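Next come the chains, spelled out residue by residue.
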Amino acid sequence: MQDRYQRTIEYVRISVTDRCNLRCRYCMPEQGVEKMCHADILRFDEILRVIRALSALGVRKVRLTGGEPLVRKGILDLIREIRRIQGIEVISLTTNGVLLPEMAAGLRAAGLDSVNVSLDSLDEETFSFLTRRPLLSRVEEGLRALEEAGFQDTKINCVPLAGVNEADVLKLAELARVKPLNVRYIELMPVGCAYEAGLRGMPMAEVRRRLQEAFGAFSPVRPGVSLRGPAEYVQPAGFVGKLGFIDAMGHKFCQTCNRVRLTAGGFLKLCLHAGTGLDVRELLRAGIDDRELLAALSHAIYNKPAEHHFLEPGEKQDSRYMYQVGG
């Protein structure tokens, strides 16, 4: 499936819930967000139907996100069913890691291929400040559980924030020095909660400078299938793992974007920042047949926007879960 700009769309990110067990300052307010009515969230059978249609259009990778996807009851059953869909080659999941100690082995057994863990600090005080929850030890235990379960392509996502977790830029990189982890630094985007909370991102050039100063010159890494996505990967000498940079503001990667997103409420977002898309839930519950669904998805994807417009004035978007951008 190609859009009108000849980009091959082969990747769908699916939010399975709007609920989360953390309250990260750049993601949502302290009291959380207004919860969706249960009936408004896509059922698993509806999600699977959409994935089957997207697979027929050429989608090969599915990433499950939230909110926090591991709080959705039956998530292991969903993964098992996705694994059975012909054409789907990779199933991934982005999580805050809190529930991984109990669930890592089950996720692997269900057929999950890889996990991204959102982790902005290895300091208990900083972690608790950013997430409003004292659960760093749970996330660290979760990383160990992933390793024990046999996951091979674990990624850690960090949003560097000026004056908040700057020291963690180097601390997190140390994890990739000794373990086959991919530590990625994600640029803070100009969205509501972060700025309203008084947070400012570190310039990605500064992040790179500090890493090079500490660990020496970078060797570029040619991305294979497991690393394909928006991140630019490098590997300092002596590192077992890799470092990645996702700076959607400074270096747009729109021209190579290969993904669409399905929200928990069933809206197919064609771009992270665009409000346009397709209300898939409405079509499903109105009784659309498979042929019509395929045509509707194909038409929507063909009209995917050329690029995001984060820097344009007057554009204010829902900032929840904006930082689950990595491949």
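Residues numbered from 1 in each chain as written. Predicted model: local features only at pLDDT ≥ 70, side-chain atom pairs only at ≥ 80, totals over all residues. Heavy atoms only, no water.

Draft legend 1. Broad picture of the overall build of the chain. Looking only at helices and strands, one finds 10 helices and 12 strands in the chain. Look at the contacts in the chain between residues 6 or more apart in sequence, and 75% of them connect residues 24 or more apart. Carbon and sulfur atoms provide 51% of the accessible area of the chain, an area that totals close to 14400 Å². (Helix = DSSP H or I, 4+ residues; strand = E, 2+ residues; numbered from the N terminus. Contact = heavy atoms within 4.5 Å. Areas by Shrake-Rupley, 256 points an atom, 1.4 Å probe, with all protein chains shown as cover.)

Draft legend 2. Representation of the sheet that holds strand β10 (residues 259-262) in the model. Reading across from one edge, β7-β8-β9-β6-β5-β4-β3-β2-β1-β10-β11-β12 is the order of the 12 strands in this open sheet, with mixed pairing throughout. Across the chains shown, the open sheet's two edge strands, defined by having one partner strand only, are β7 (218-220) and β12 (277-279). The sheet shows a mean angle of 25° between the axes of neighbouring strands, direction not considered. The pairing of strand β11 (residues 267-269) with β12 spans three bridges and is antiparallel. Looking at the pairing, Lys-269 lines up with Gly-277 of β12. Where helix α2 (residues 75-83) meets the sheet, its contacts fall on β2 (61-65) and β3 (90-95), and the angle it forms with β2 comes to roughly 170°. (Pairing = 2+ DSSP bridges. Axes fitted to C-alpha atoms, helices over the stretch in contact; angles between N-to-C directions.)

Draft legend 3. Examining the packing of helix α1 (residues 44-56) against α2 more closely. As a packed pair, α1 and α2 sit with axes 11 Å apart at the nearest point and diverge in direction by 25°. Between α1 and α2, the angle falls in the class roughly parallel. Crossing geometry of α1 relative to α2 is assigned as right-handed. Here Phe-44, Ile-47, Leu-48 and Ile-51 of α1 lie close against α2, whose contacting residues are Ile-75, Leu-78, Glu-81 and Ile-82. (Parallel < 35°, antiparallel > 145°, perpendicular 65-115°, else oblique. Left-handed = near helix turned anticlockwise from the far one by under 90°.)

Draft legend 4. Main features of the pairing of β10. Burial of the side chains of β10 extends over both faces: Arg-259 and Arg-261 are buried on one face and Val-260 and Leu-262 on the other. Sheet topology places β10 next to β11; two bridges connect them, and they run antiparallel. Across the sheet, Leu-262 pairs through a bridge with Leu-268, a residue of β11. Turn length for the β10-β11 hairpin, with the two strands adjacent in sequence and antiparallel, is four residues, and the turn residue Gly-266 shows positive phi of about 90°. (Buried < 20%, exposed > 50% of the residue type's maximum accessible area, 1.4 Å probe, protein only.)

Draft legend 5. The nonpolar core, seen in detail. Within the largest apolar cluster, 89 residues are counted, with the highest numbers of intra-cluster contacts made by Leu-64, Tyr-185, Leu-211, Leu-243 and Leu-268. Considering every element that reaches this core, the biggest residue donor is α1, with seven residues. Setting aside residues no more than four positions away along its own chain, Tyr-185 makes contact with Cys-158, Pro-160, Val-169, Leu-172, Ala-173, Met-204, Val-207, Leu-211, Leu-243, Gly-244, Phe-245 and Ile-246. (Core = buried A, V, L, I, M, F, W, Y, C linked by side-chain atoms within 4.5 Å.)

Draft legend 6. Structural view of the environment of Asn-116. Along the chain, Asn-116 turns up in strand β4 (residues 114-118). On a C-alpha basis, the gap between Asn-116 and Arg-63 in space is 9.7 Å, while along the polypeptide they are 53 residues apart.

Draft legend 7. Spatial organisation of the environment of Gly-198. Position of Gly-198 relative to the elements: it lies in the loop between α7 (192-196) and α8 (204-215). For Gly-198, a relative accessible area of 55% gives the class exposed. With 173 residues separating them along the chain, Gly-198 and Arg-25 place their C-alpha atoms 9.3 Å apart.

Draft legend 8. Just the packing of helix α3 (residues 100-110) against helix α5 (residues 136-149), in detail. Interaxial distance between α3 and α5 falls to 8 Å at its minimum, and their mutual angle equals 25°. Considering their axes alone, α3 and α5 lie roughly parallel with respect to each other. Where α3 crosses over α5, the two elements pack in a sense that is right-handed. In this structure, α3 contributes Leu-100, Pro-101, Glu-102, Ala-104, Ala-105 and Arg-108 to the contact, and α5 contributes Arg-138, Glu-141, Gly-142, Ala-145, Leu-146 and Ala-149. Counted by class, the contact of α3 with α5 contains seven nonpolar, one polar and four charged residues. (Nonpolar A, V, L, I, M, F, W, Y, C, P; charged D, E, K, R; others polar.)

Draft legend 9. Representation of the confidence of the model for the chain. When pLDDT is averaged along the chain, the result is 90, and 89% of the positions lie at 70 or above. Scored below 50 in pLDDT, residues 312-327 makes 61 contacts in the model with residues more than four places away or belonging to other chains. (pLDDT = per-residue confidence, 0-100.)

Draft legend 10. The arrangement of the packing of aromatic side chains in detail. The final tally for this structure, using the stated rule, is three aromatic pairs. An angle of 75° between the planes, with centres 5.1 Å apart, marks the rings of Phe-215 and Phe-239 as edge-to-face. Of the two residues, Phe-215 sits in helix α8 while Phe-239 sits in the loop between β8 (232-236) and β9 (242-246), which places them 24 residues apart along the sequence. Cluster of aromatic residues (ring-pair linked, three or more members): Tyr-185, Phe-218 and Phe-245. The ring of Phe-129 is capped by Arg-25, whose NZ or CZ atom sits 4.0 Å from the centre of that ring. Directly above the ring of Phe-151 sits Arg-108, whose terminal nitrogen or CZ lies 5.1 Å from the centroid. (Phe/Tyr/Trp six-rings, centres within 6.5 Å; stacked < 30°, edge-to-face > 60°. Lys NZ or Arg CZ within 6 Å of the ring centre and 35° of its normal.)

Draft legend 11. Structural context of helix α10 (residues 290-302). Look at α10: 18 Å from first C-alpha to last across 13 residues, which is about the 18 Å you get at 1.5 Å a residue. If you check which residues of α10 are buried, you get Leu-293, Ala-296, Leu-297, Ala-300 and Ile-301. In a view along the axis of α10, the buried residues occupy a sector of 125°, so they form one face of it. The exposed set on the far side of α10, more than 90 degrees from its buried face, consists of Arg-291 and His-299. Here the buried face of α10 lies against α1, β10, β11, β12 and α9 (280-285). With a side-chain oxygen lying 3.2 Å from the backbone nitrogen of Arg-291, the N-terminal cap of α10 falls on Asp-289. (Expected span 1.5 Å × (residues − 1). Arc of directions from axis to C-beta. Polar contact = N/O pair within 3.5 Å; in protein donor to acceptor, adjacent residues only side chain to side chain.)

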